[in-house]
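Structural overview for review
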Amino acid sequence: MQAGEGDSRSDALRPVLGLRMSGPALVEDEPDDGPARRAGMRKGDEVLAVDGIRVRTVYGIGLALKARKPGDKVEVRLRRVEWDGTQPQSRELTAVVELESRAAVMERMKYR
């Protein structure tokens, strides 16, 4: 699939990171037992890039994954803010996530 082409796959077959996200690509909830958790992602992480493609929104993540398929592995660059007791410390890290289909994520969420 080339950049600018529409994604003709059904919504259920589109590849996803397996996260609930909001606004500027922030992980909204603690990831379930899916690929994001296995890659070490957690609530509050901000996704900065997917396979070298800078993203700023959840929509941008979808665009970056458009040419991928479930089972592919992607490198996700994150910003994580942690407290050292008195002040926040921001750091960037990289996680490798094996993509899942949206259908697989939705099936797992049924049993939560």
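The rules we used
- Residues numbered from 1 in each chain as written.
- Predicted model: local features only at pLDDT ≥ 70, side-chain atom pairs only at ≥ 80, totals over all residues.
- Heavy atoms only, no water.
- Helix = DSSP H or I, 4+ residues; strand = E, 2+ residues; numbered from the N terminus.
- Buried < 20%, exposed > 50% of the residue type's maximum accessible area, 1.4 Å probe, protein only.
- Polar contact = N/O pair within 3.5 Å; in protein donor to acceptor, adjacent residues only side chain to side chain.
- Salt bridge = Lys/Arg side-chain N within 4 Å of Asp/Glu carboxyl O.

A few points about the environment of Ala25
- On the secondary structure map, Ala25 appears in the loop between strand 2 (21-22) and strand 3 (26-27).
- Sequence separation between Ala25 and Arg91 is 66 residues; the distance between their C-alpha atoms is 16 Å.

So, the environment of Asp84
- Relative to the elements of secondary structure, Asp84 occurs in the loop between strand 6 (73-83) and strand 7 (88-98).
- The partly exposed category is assigned to Asp84, whose relative accessible area is 46%.
- Of note is the side chain of Asp84, whose polar atom sits 3.2 Å from the backbone nitrogen of Thr86.
- Among the polar contacts listed, one links the side chain of Asp84 to the side chain of Gln89, at a separation of 3.4 Å.

A few points about the pattern of salt bridges
- Scanning the entire structure with this criterion turns up 12 salt bridges.
- For Asp33, the salt bridge is made with Arg37, and the minimal N-O distance between the two is 3.3 Å.
- Between Asp72 and Arg68 there is a salt bridge, with the nearest N and O atoms lying 3.8 Å from each other.
- Residue Asp72 is classed as buried on the basis of its relative accessible area, which comes to 14%.
- The exposure class of Arg68 is partly exposed, given its relative accessible area of 28%.
- When salt bridges that share partners are traced, they join Glu46, Arg77, Arg79 and Glu92 into one network.

Function-wise, these values are silent; they only describe arrangement.
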